[in-house]
Amino acid sequence: MMTKQESRDYFLQKRTTSNPADSEGIAAQLGVILTGKPIEIIHCFVADGSRKEVDTQSIRRILQAELPWLRWAAPRIIPGTRNMQHFVWDDATMFIPNHWGIDEPDPIYSQLLDIQRIDVVLVPLLAYDRQGNRAGYGGGYYDCFLAECRPDALKIGVSFFEPIDAISDVNEWDISLDLCVTPTAVYSWNSRF
């Protein structure tokens, strides 16, 4: 059992030795999960390469080839808030770095997307447990966002690593995952999968 902060510290260090090619394994697992499902729009965070995150640009490219009907969306944090806007992410989308250096769709040139149209959210995380609880970076942006999504929107974590036994300091406002996908396994807490 670990606290969120303990798990963040542990997996930030562990991620420094991760293999970027493992993102392709995650994409393969996601392709199997999403094939044949009534999904139109998938929301995906834009990975920060300096943090050795799962390479979501690679995942998007692979899934676009396998599931060309999917439309993609990417978030933009509204400065000074914990809220996000969501924009269409296609080959024409222009990105600009926010104050953390993370690429976001340029709101001037990007098409805003209604949050209620999102069918699947690929959720960033540092750690997750065997009950589907996650520890992100601690800003609460995704908990706010996921609380606004449709109740049936699928929340899928992506991770290079297996779950820990338990996160000890889960709060009532934390939104748990439906699935978590690793390069070699899929963990499910949703009876539809």
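A short tour of the structure in this document, coming up. None of these values were measured; they are calculated from a predicted model. (Residues numbered from 1 in each chain as written. Predicted model: local features only at pLDDT ≥ 70, side-chain atom pairs only at ≥ 80, totals over all residues. Heavy atoms only, no water.)

Once that is clear, we can look at the overall build of the chain. Within the chain one finds four helices and 11 strands. Taken over the C-alpha trace, the chain has a radius of gyration of 16 Å; the compact-globule value for 193 residues is 16 Å, and the two agree within 12%. Considered along the principal axes of its C-alpha atoms, the chain spans approximately 45 × 40 × 35 Å. Taking all 193 residues of the chain together, 51% fall into the buried category. For the chain, the share of sequence-separated contacts (at least 6 apart) that also reach a separation of at least 24 residues comes to 70%. On the chain, roughly 9,300 Å² of surface is accessible, and the fraction owed to carbon and sulfur atoms is 52%. (Helix = DSSP H or I, 4+ residues; strand = E, 2+ residues; numbered from the N terminus. Rg over C-alpha atoms; globule rule 2.2 N^0.38 Å. Buried < 20%, exposed > 50% of the residue type's maximum accessible area, 1.4 Å probe, protein only. Contact = heavy atoms within 4.5 Å. Areas by Shrake-Rupley, 256 points an atom, 1.4 Å probe, with all protein chains shown as cover.)

Our focus in this paragraph is empty space enclosed by the protein. Tallied over the entire structure, the rule returns two cavities of 30 Å³ or more. Counted as a void, the largest cavity has a volume near 100 Å³. Forming the boundary of the largest cavity are 13 residues, of which Arg15, Val54, Leu125, Val158 and Ser159 lie nearest the centre. Grouping the constituent residues of the lining of the largest cavity by class yields 10 nonpolar, one polar and two charged. Volume-wise, the second largest cavity comes out at about 30 Å³. As for the second largest cavity, its lining consists of Arg82, Asn83, Met84, Tyr141, Cys144, Phe145 and Glu148. (1 Å grid on protein atoms, 1.4 Å probe; cavity = no way out; pocket = protein on both sides within 12 Å on 5 of 7 lines; lining within 4 Å. Points joined across faces, edges and corners; volume = space filled by probe spheres on them. Nonpolar A, V, L, I, M, F, W, Y, C, P; charged D, E, K, R; others polar.)

So, about the nonpolar core. When a protein is soluble and globular, its nonpolar side chains tend to lie buried together. Of all hydrophobic cores here, the largest spans 53 residues; its most connected members are Leu30, Leu34, Leu122, Phe145 and Ile156. Among the elements that line this core, the one with the most residues is helix α2 (residues 22-34), at five residues. Discounting chain neighbours no more than four positions away, the residues touching Leu30 are Ile59, Leu63, Leu122, Ile156, Val158 and Val181. (Core = buried A, V, L, I, M, F, W, Y, C linked by side-chain atoms within 4.5 Å.)

Tallied over the entire structure, the rule returns nine aromatic pairs. Aromatic side chains Phe11 and Phe161 sit 5.5 Å apart centroid to centroid with 40° between the ring planes, which places their arrangement in the tilted category. Taken together, the residues Phe11 in helix α1 (residues 4-15) and Phe161 in the loop between β9 (154-158) and β10 (179-181) connect sequence positions 150 residues apart. By relative accessible area, which is 4% here, Phe11 ends up buried. The interplanar angle of 75° and the centroid separation of 6.4 Å between the aromatic rings of Tyr128 and Trp189 together place this pair among those described as edge-to-face. Taken together, the residues Tyr128 in strand β7 (residues 127-128) and Trp189 in the segment after β11 (186-188) connect sequence positions 61 residues apart. (Phe/Tyr/Trp six-rings, centres within 6.5 Å; stacked < 30°, edge-to-face > 60°.)

Now for the pattern of salt bridges. Summed over all chains, the structure comprises 10 salt bridges. Across the salt bridge formed by Arg51 and Asp48, the nearest N and O atoms sit 3.4 Å from each other. When its relative accessible area of 27% is taken as the criterion, Arg51 is described as partly exposed. On the basis of relative accessibility, which here comes to 10%, the residue Asp48 falls in the buried class. Here the residues in one salt-bridge network are Glu40, Arg71 and Arg117, joined through shared partners. (Salt bridge = Lys/Arg side-chain N within 4 Å of Asp/Glu carboxyl O.)

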